[in-house]
Amino acid sequence: MQSVKDHGRSHLKMTEDDHESSEGPDARASRRAFLGMGAAAIATTAAATRDLEAQQPPRRRADIGSLTDRLGQQAHWRSTELRLLRRITMGITPAEVARIGQLGFTNFLEEQLNAGAIDDTATEAVLQARYPAFYYTQAQLLARDSVFWDQCSRPIMRAVIERAVTSPRQLEQRMVEFWADHFNIPLSTPRVVDYRDVLQRYALSTFGELVRASMRSTAMLIYLDQVWNTKYGINENYARELMELHTVGWDGGYTQADVNALARVLTGWTMDSNRNFQYRADYHDFGAKVVMGQNFPARPPAVGTAGMDEAMNFAEYLIRHPATARFVSTKLLKWFIRPDPTPAQVTAATQAFTASNGDIKTVLRAILTPANIATAPAKLKRPFHYYVSVVRGTGAVLDAWPDPTQWDGVTGHLWDNAHAPFSWQTPDGFPDKADYWAGLMVNRWNAVSSVLGNWSGNTPGRYPRFVSSLYLGTPTPAGVVAEIDRRMFAGEMSPALRSELLASFGASTTANATQATLAVHLAACSPEAQYY
């Protein structure tokens, strides 16, 4: 166990064989049994997968088949309501299973879409008390610029993770994660303000509000060099990404000449000495410009906000452009439904986007339909999603981590899985593709060990705290496995997984804490816990 913890701290790369060599023969046998079980599970889901593949053109059938073979894709879940729950949360919990059972598909979705009406005060109170750095104003963060990485960065990342675990506004959390990639910015002092005031505030609002707020975000303007884009020296970086990544997409119909002209339109959008947004008319290029057919005639130089309207007007053009509706709707379909949405699904979501002027709730209603959810193939959880779902599903507890200057095991294991908050360095955001995340399986298992292993010792809060007694209400192998099924799989555990978990008890007719913890560990590492 200690060697695995050291591995997490040092980010030392291990192979699966290396990892197995440090364990006993029983553990190795269990791991191999689970890998074998993944293959068996493929067989049980083959019919469902064939049905999905039959709906696709030949080229896509080949891609899906290959992916399924490599990853052991699961698609046997029966309940459409539970499928929805898996899609719009960071991992199911018994409380949410009961809630969707009470409300049904449509009312539960509407409750989550109306996130502002869900009481989140308990989560907010805990996070404000534990991690005040997450709530610092721009001025407070600026004052701590020299100590930001030593004193603020760890609490901020820990706050993001704990909110994903405990917030009852789970669909909002999934959307914040989506927009954090769409408008990606690595961690910095202004990024914290951007995350709160742009992504969290408008996650379920309208796409237009997100773009307008992002354009005034000094974190974005610094990251993409817009603050240095003036009539004295054009920098095209933000102009290009505003079209390519944020609105119309790379195939949205613009040219290199349009990128350069938009950069000229954006001249003057910068920040003041306190890193607040500022428009400088004396930096603006008042010459004639044409961007994607939109004319901006030459005008006399002026002061105040003169010229700022050019970028504001063109942003509205981008927000309402048909290519934007299609680009964003398709990304959301891939995020929630399937990697290869059908033309009919894209058309329906795009029409909802256009008709509602980019109202995100309306678009999500068009995407999260019972028909789309019922036929959606299981999707591999990205490491952040997987880690949070393991904490939520197993009932592990995240205690306060009071020392921001020391290594934090929670965030550390997300670093180890290459998916710590704010750690993607390029503006395209973390990939939303299963083949990108299909590796690092040992790192995933190590993360599960850190959730269930009660590793904190004399440093409370460094790792999650697992309470095995939750699973020992009926202290028999069958009782423990039934509780795992209820808590982690909402009663939809596969027969293959149930059989393997029961086998882990050997000939025992009773179950103790060690055996229960091992069974939960195996369940959390199993192929079907990796998907949603």
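Read on for an overview of the structure. (Residues numbered from 1 in each chain as written. Predicted model: local features only at pLDDT ≥ 70, side-chain atom pairs only at ≥ 80, totals over all residues. Heavy atoms only, no water.)

## Details of the overall build of the protein chain
Worth spelling out the cut-off: In this text, helices come from DSSP runs of H or I with a minimum length of four residues, and strands from runs of E with a minimum of two, each type numbered from the N-terminal end. Exposure categories follow from relative accessible area, calculated using a 1.4 Å probe and restricted to protein chains: below 20% of the type maximum is buried, above 50% is exposed, and the middle band is partly exposed. For this analysis, residues touch if any pair of their heavy atoms sits within 4.5 Å. Per-residue accessibility takes into account occlusion by the displayed protein chains alone, with areas from the Shrake-Rupley method and a 1.4 Å probe.
Each helix and strand counted, the protein chain has 28 helices and four strands in total. The burial tally for the protein chain puts 55% of its 532 residues in the buried class. The long-range fraction of contacts in the protein chain, counting pairs at least 24 apart against all pairs at least 6 apart in sequence, stands at 72%. Entry remark: accessible area of the protein chain is about 21000 Å², with carbon and sulfur atoms responsible for 55%.

## Section: the nonpolar core
The condition is simple: Buried Ala, Val, Leu, Ile, Met, Phe, Trp, Tyr and Cys residues form a nonpolar core when they are joined through side-chain atoms within 4.5 Å.
Ranked by internal contacts, the top residues of the largest apolar core, which has 137 residues, are Met175, Trp179, Phe336, Leu364, Leu368 and Ile484. With nine residues, the single largest contributor to this core is helix α10 (residues 148-166). Apart from residues no more than four positions distant in its own chain, isoleucine 484 is found in contact with Tyr471, Phe489, Met493, Leu501, Ala519, Val520 and Ala523. By size, the runner-up hydrophobic cluster in this structure holds seven residues, among which are Trp77, Ala378, Phe430 and Tyr531.

## Observations regarding the environment of serine 468
Within the element layout of this structure, serine 468 appears in the loop between α25 (441-452) and α26 (477-489). In sequence terms serine 468 and valine 480 are 12 residues apart; their C-alpha atoms lie 9.8 Å from each other. Not counting chain neighbours up to four residues away, the residues in contact with serine 468 comprise Ala513 and Thr517.

## Some remarks on the side chain of serine 205
Position of serine 205 among the secondary structure elements: in the loop between α12 (189-202) and α13 (207-215). On the accessibility criterion, serine 205 (16% relative accessible area) is buried. Discounting residues that sit within four places of it in the chain, serine 205 has contacts with Gly358, Asp359, Ile360 and Lys361.

## As for unusual backbone geometry
Even without glycine at this site, aspartate 225 takes up a positive phi of about 65 degrees. Here aspartate 225 shows up in the loop between α14 (218-223) and α15 (237-246). Of note, methionine 292 is a non-glycine position whose phi angle comes to about 50 degrees, a positive value. Examined against the element boundaries, methionine 292 turns out to sit in the loop between β3 (289-291) and β4 (294-296).

## What about the pattern of salt bridges?
Note the following rule: Salt bridges, as used here, are contacts in which a Lys or Arg side-chain nitrogen is within 4 Å of a carboxyl oxygen on Asp or Glu.
Tallying each qualifying case throughout the model produces 27 salt bridges. Between glutamate 483 and arginine 486 there is a salt bridge, with its nearest N and O atoms 2.8 Å apart. Of the two residues, glutamate 483 and arginine 486 both sit in helix α26, three residues apart, roughly one turn of that helix. Among the residues examined, arginine 486 registers a relative accessible area of 41% and is labelled partly exposed. With its nearest N and O atoms 2.9 Å apart, the salt bridge here joins glutamate 483 to arginine 487. Of this pair, glutamate 483 and arginine 487 both sit in helix α26, four residues apart, which is roughly one turn of that helix. We note that glutamate 483, like arginine 487, is buried. Counted as one network, the salt bridges with shared partners bring together Arg130, Arg158, Glu162 and Asp408.

## Details of the packing of aromatic side chains
So the rule is basically this: Between rings of Phe, Tyr and Trp, where Trp is taken as its six-membered ring, a pair exists when centres lie within 6.5 Å; planes separated by under 30 degrees are stacked, by over 60 edge-to-face, and by other angles tilted. Our definition puts a charge over a ring when NZ of Lys or CZ of Arg is within 6 Å of the ring centre and also within 35 degrees of the ring normal.
Summed over the entire model, instances satisfying the criterion amount to 20 aromatic pairs. Aromatic side chains tyrosine 436 and tryptophan 437 sit 4.8 Å apart centroid to centroid with 80 degrees between the ring planes, which places their arrangement in the edge-to-face category. Among the aromatic residues, those joined into a ring-pair cluster are Phe178, Trp179, Phe183, Phe207, Trp335 and Phe353. Across the ring face of tyrosine 532, the terminal group of arginine 87 is positioned such that the distance to the ring centre comes to 5.4 Å. In this arrangement the basic side chain of arginine 487 is found over the ring face of tyrosine 471, its NZ or CZ atom lying 5.7 Å from the centre.

## Description of the packing of helix α18 (residues 322-336) against helix α20 (residues 360-367)
The criterion, for reference: For helices, the axis comes from a line fit to the C-alpha atoms of the stretch in contact; other axes are also lines fit to C-alpha atoms, and the angle between any two N-to-C directions lies between 0 and 180 degrees. Just so you know how the angles are binned, under 35 degrees is roughly parallel, over 145 roughly antiparallel, 65 to 115 roughly perpendicular, and the rest oblique. Crossing handedness follows the turn of the near helix against the far one: under a right angle anticlockwise gives a left-handed crossing, and clockwise gives a right-handed one.
Axis separation between α18 and α20 bottoms out at 10 Å; the angle between their running directions is 55 degrees. One element, α18, and the other, α20, form an angle in the oblique class. Crossing of α18 against α20: the hand is right-handed. Here Ser329, Leu332, Leu333 and Phe336 of α18 come into contact with α20, specifically with Val363, Leu364 and Ile367.

## Some words on the side chain of arginine 382
Selection rule: Side-chain atoms alone can form a polar contact between residues adjacent in sequence; in general such a contact is a pair of N or O atoms within 3.5 Å, and within protein one must be able to donate a hydrogen while the other accepts it.
Relative to the assigned elements, arginine 382 resides in the loop between α21 (370-375) and α22 (383-394). Its relative accessible area of 5% is what places arginine 382 among the buried residues. A polar side-chain atom of arginine 382 sits 3.0 Å from the main-chain carbonyl oxygen of proline 431. Contact partners of arginine 382, with chain neighbours within four places excluded, come to Glu177, Asp181, Trp335, His419, Phe430, Pro431, Asp432, Trp437 and Arg444.

## So, the packing of α10 against helix α23 (residues 409-416)
Between two packed helices, what matters for the description is the angle formed by their axes and the separation of those axes. The test is simple: Ten residue types, Ala, Val, Leu, Ile, Met, Phe, Trp, Tyr, Cys and Pro, are classed as nonpolar, four, Asp, Glu, Lys and Arg, as charged, and the remainder, Gly among them, as polar.
Taken N-terminus to C-terminus, the directions of α10 and α23 make an angle of 85 degrees; their axes are 9 Å apart at the nearest point. With respect to their mutual orientation, α10 and α23 come out roughly perpendicular. Residue-level inspection shows Met157, Arg158 and Ile161 of α10 in contact with α23, the latter providing Val410, Thr411, Leu414 and Trp415. Grouping the constituent residues of the contact of α10 with α23 by class yields five nonpolar, one polar and one charged.

## Focus on the environment of arginine 158
With respect to the helices and strands, arginine 158 occurs in helix α10. The class for arginine 158 is buried, based on a relative accessible area of 0%. A sequence separation of 31 residues divides arginine 158 from leucine 127, and the C-alpha atoms of the two residues are 9.3 Å apart. For arginine 158, the residues in contact, after removing those within four places along its chain, are Tyr131, Leu398, Asp399, Trp401, Asp408, Val410, Thr411, Gly461 and Arg462. There is a polar contact of 2.8 Å between the side chain of arginine 158 and the side chain of glutamate 162.

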